[in-house]
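For reference, the chains in residue letters:
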Amino acid sequence: MPLFQASGESGGAKAQPKWKRRRNRKKKYGEKDDDDSVLPLTRLCLLSLADNMKDVWAKDYADNYLDQYSFRHIMGPFNLLPGDLVEELTSLLCSRKQLSRAALHLLLVPQLRTLSLEKCPGLATSALCGHITARCQGLWSLDLSGAQQLPAKVLSETLGSLPALRSLSLAGTRCDGCVIRAIVNHCHLLRHLDISCCHFLSPAALLPLGGRAYFSSSASLSTSKSSISHSCPSHLSPPPLSSLLALDIGFGEEEGDPVAAAAFLLLSLPCLERVALEGLAQAFRLIENREFDQTDAFTDRQGVPRLREVWRQRQDMDRWSEKREGEDDKDDREEGEILWEGSGSESEEDSSRNAGLYCFQGQSKVKSRRRVSSQSGADHLILQLKDVKPVSLDSLGSLGLLCPDIHSISVDTDDKEVRRSSKESVLAAGLQMWSGQLRSLSLHHPGPLLDLLPALQISGPSLVSLTLEGVKSSPRFFLLEVIRACPRLRDLLVFAECPNEPLEEEDGEDLPRLPHLSTLTLQFSEEPKQIQPLIMLGSPLSKVLTNLLLGSPLLEKLSLVSLPCPLNLTLRNALDQLDSELQLHTGSVPLTPMPFGRLQYVNLRWTDVDMTTLRSLMQRSRRLKFIDVSHCWQIGHINYLQYGIDSRVQLVWSY
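Summarised in this report is the structure supplied together with it. (Residues numbered from 1 in each chain as written. Predicted model: local features only at pLDDT ≥ 70, side-chain atom pairs only at ≥ 80, totals over all residues. Heavy atoms only, no water.)

**A look at the side chain of serine 465**
Then, number 1: Tracing the chain through its elements places serine 465 in strand β12 (residues 465–471).
Then, number 2: By relative accessible area, which is 14% here, serine 465 ends up buried.
Then, number 3: With near-sequence residues (within four places) excluded, serine 465 lies in contact with Arg439, Ser440, Leu441, Leu489 and Asp491. (Helix = DSSP H or I, 4+ residues; strand = E, 2+ residues; numbered from the N terminus. Buried < 20%, exposed > 50% of the residue type's maximum accessible area, 1.4 Å probe, protein only. Contact = heavy atoms within 4.5 Å.)

**Notes on the nonpolar core**
Generally speaking, nonpolar side chains in soluble globular proteins are found buried as a group.
Then, number 1: Membership of the largest hydrophobic core comes to 173 residues, with the highest contact counts inside it found for Ile195 and Phe284.
Then, number 2: Among the elements that line this core, the one with the most residues is helix α11 (residues 257–268), at nine residues.
Then, number 3: Contact partners of phenylalanine 284, with chain neighbours within four places excluded, come to Leu266, Leu383, Leu385, Val388, Val391, Ser398, Leu399, Leu402 and Cys403. (Core = buried A, V, L, I, M, F, W, Y, C linked by side-chain atoms within 4.5 Å.)

**Description of the environment of serine 116**
Then, number 1: Tracing the sequence through the fold places serine 116 in strand β3 (residues 114–116).
Then, number 2: Taking relative accessible area as the criterion, serine 116 reaches 31% and is therefore assigned partly exposed.
Then, number 3: Each C-alpha atom, one on serine 116 and one on glutamate 87, is 8.8 Å from the other, the two residues being 29 residues apart in sequence.
Then, number 4: Leave out the neighbours within four places in its chain, and serine 116 touches Cys94 and Asp143.

**A look at the pattern of salt bridges**
Then, number 1: Under the criterion given, the structure shown has eleven salt bridges.
Then, number 2: The residue arginine 43 makes a salt bridge to glutamate 88 at a minimum N-O spacing of 3.0 Å. With a gap of 45 residues between them, arginine 43 in helix α2 (residues 41–57) and glutamate 88 in helix α4 (residues 83–95) connect regions that are remote in the sequence.
Then, number 3: Taking relative accessible area as the criterion, glutamate 88 reaches 31% and is therefore assigned partly exposed. (Salt bridge = Lys/Arg side-chain N within 4 Å of Asp/Glu carboxyl O.)

**Section: helix α8 (residues 177–186)**
Then, number 1: Buried residues of α8: Gly177, Val179, Ile180, Ala182, Ile183 and Val184, and no others.
Then, number 2: If you check the start of α8, you find a side-chain oxygen 3.1 Å away from the backbone N of cysteine 178, and it comes from aspartate 176. (Polar contact = N/O pair within 3.5 Å; in protein donor to acceptor, adjacent residues only side chain to side chain.)

Taken by themselves, the reported measurements are silent on function.
Below, the structure written as structure tokens:
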């Protein structure tokens, strides 16, 4: 039975729980870790806690205290656990959909640093926010995504009591301008902010995030760094945001408000590295061409400095930073020479010298690019952005000049300002600017996949994540060419239109594989009347997919939706080939890691997969937790009852 106290004093977090001495829960859970051995004792204990949370740990509190008392702090068994274990237990209960209001009350301990209610937003109530502000004032990360029942006033009051926040997600909530001002006034350490899908939030409401640029009057702006610092009190400094996600928010008063607001934030947030804003593509062109006069009506209406003044202020700050960086580089070189002279043996001296040079070159990469740009044009500006979405084809040139260090980008090729015949070359030329450094690429292309191959051949060798949306698959799908162009992929997501006719055979005998692939999604438009005839005819996609599944032993998430090929036969062939390889290795060291062995999530909606194949797949994938076979016409209610489902796997089935 938990003990309760009304004071705000926290208990110790260093004591070890008594139940840690329990061992050997293998028979009950039967779960394995990466090397196929028994899970660590800590994980097994957390699983035991999760299984008994409802009937043991939270039962007494729910029956006797939950709706009768309001405790500022609860001294119970979880108060003795380290914060990271409480966070892991909370996440485990959320993923299992077993987190209740009573359990959450017990888990709100002072040592908690991360709290995410994204998977159970219904628990986020006004009363719960009061408990969070009273008990967890040391939170570093808070995720309330989807909590639409929380009023903006409650959000503002909650954020006013959490000054240590580094990461905040309010996506899909009733966040408005008052909440943004509360963030600026109280969350001075905030680095990541996600306010996507907040429809009560207008683009102009984001302007307070600009800090000094927002609160400074145009008359007080000066070209001196010191005067800029003294013109604004320290409490009005902007939070050091490095990530700002604000897609699909409310509308502005005028059509150009999103563009003007995006340009204002790009110039006034010097630490910004990741951004997703409405009107971002036009904002890059506006800044590059310095067409600031177009936004004067917006800035005057909002009572903020005009963009030309903010741009000059940003230039002054960058020049001051470059001067400081030059002095620091000189000091680092002098200090490095002194350290190298005092080294011991010759081999240690050589290794230290090489390491020092490598570190110095890596840190100076951005600085050298900035200096080259400043030499090419006195008024040129370099932004530190690395992850940008979404942008258009005609803005790639401006983006390349402003942001030379991009490693993740989302491009919409459906650009009316670029001629259809030149889209292929414009995209390839734009991505060429980040050749060798691009890690993640997302393309929305309502056209043949063939058009994207030149761009993928340029950026593909360095990519680890690729997303293709809206591509057409007739008469050839060109999936083989995509795999050949991107051999290092860990995530491959393709959303395509259903072909109007059977796919043609793709060239190549030696089919490539993706040994590092972790997530694979192939989803076609869900039109069963159109898909079923194509399945009966067969498809060359089956051969490619079989090879891909067998050549991706690290695969964890598999989503094959509405495939225009016989998926049941494809999976059977892959499983049969795997059985043949295992028989060849009988008596020797088994294949590690095994294909299908790490699968955790499987989505096979609108396919011809049957229950026999599904059962074989479950036997191969001991980590499997979720399967979606909705609208699979060969799986009926009788099949479901006849074969039964492993209790460890959550099955979603409907017809």
